[in-house]
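# Structural characterization, general
This is what each chain is made of:
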Amino acid sequence: MAVKDLPKRSDFPADAEFHIKEFDIPLVFIPRQGWFNWFGTPQPYDVSGLKLGNNWPATSFEEWVALVKDSR
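Computed from a predicted model, the values in this text were never measured in an experiment. (Residues numbered from 1 in each chain as written. Predicted model: local features only at pLDDT ≥ 70, side-chain atom pairs only at ≥ 80, totals over all residues. Heavy atoms only, no water.)

## Observations concerning the packing of aromatic side chains
By the definition in use, this model includes ten aromatic pairs. Considering the side-chain rings of phenylalanine 12 and tryptophan 38, the 5.4 Å spacing of their centres and the 65 degrees angle between planes classify their relative orientation as edge-to-face. Of this pair, phenylalanine 12 sits in the segment before strand S1 (17-21) while tryptophan 38 is found in the loop between strand S3 (34-37) and strand S4 (43-44), placing the two residues 26 residues apart along the sequence. Taken together through their ring pairs, the aromatic side chains of Phe12, Phe18, Trp38, Phe61 and Trp64 make up a single cluster. (Phe/Tyr/Trp six-rings, centres within 6.5 Å; stacked < 30°, edge-to-face > 60°. Helix = DSSP H or I, 4+ residues; strand = E, 2+ residues; numbered from the N terminus.)

## Re the pairing of strand S2 (residues 25-30)
Counting buried positions over the six residues of S2 gives five, a clear majority of the element. Where S1 meets S2, five bridges bridge the pair, whose relative direction is antiparallel. Following the sheet pairing, phenylalanine 18 is matched in S2 by valine 28. Taken together, S1 and the strand that follows it, S2, pair antiparallel across an intervening segment of three residues, in which glutamate 22 is found at a positive phi of about 50 degrees. As paired elements, S2 and S3 share four bridges and run antiparallel to each other. Across the sheet, residue phenylalanine 29 finds its bridge partner in S3, namely tryptophan 35. (Buried < 20%, exposed > 50% of the residue type's maximum accessible area, 1.4 Å probe, protein only. Pairing = 2+ DSSP bridges.)

Structure, rendered in structure tokens:
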């Protein structure tokens, strides 16, 4: 995916969950596939890095994709 090509909500299944870790790391959970880190290049994410209080659901897909944009 080129830098200018940001993900669209339609690129993900309807049940995908968008999260933010430590204010600037966009994570997505896709049921039956797992967690992915979208900071820079999308890659699988090891959930052992998630701790109570260091991540939360994004308030909207737009908030989440803005972090993806800022990470490139």
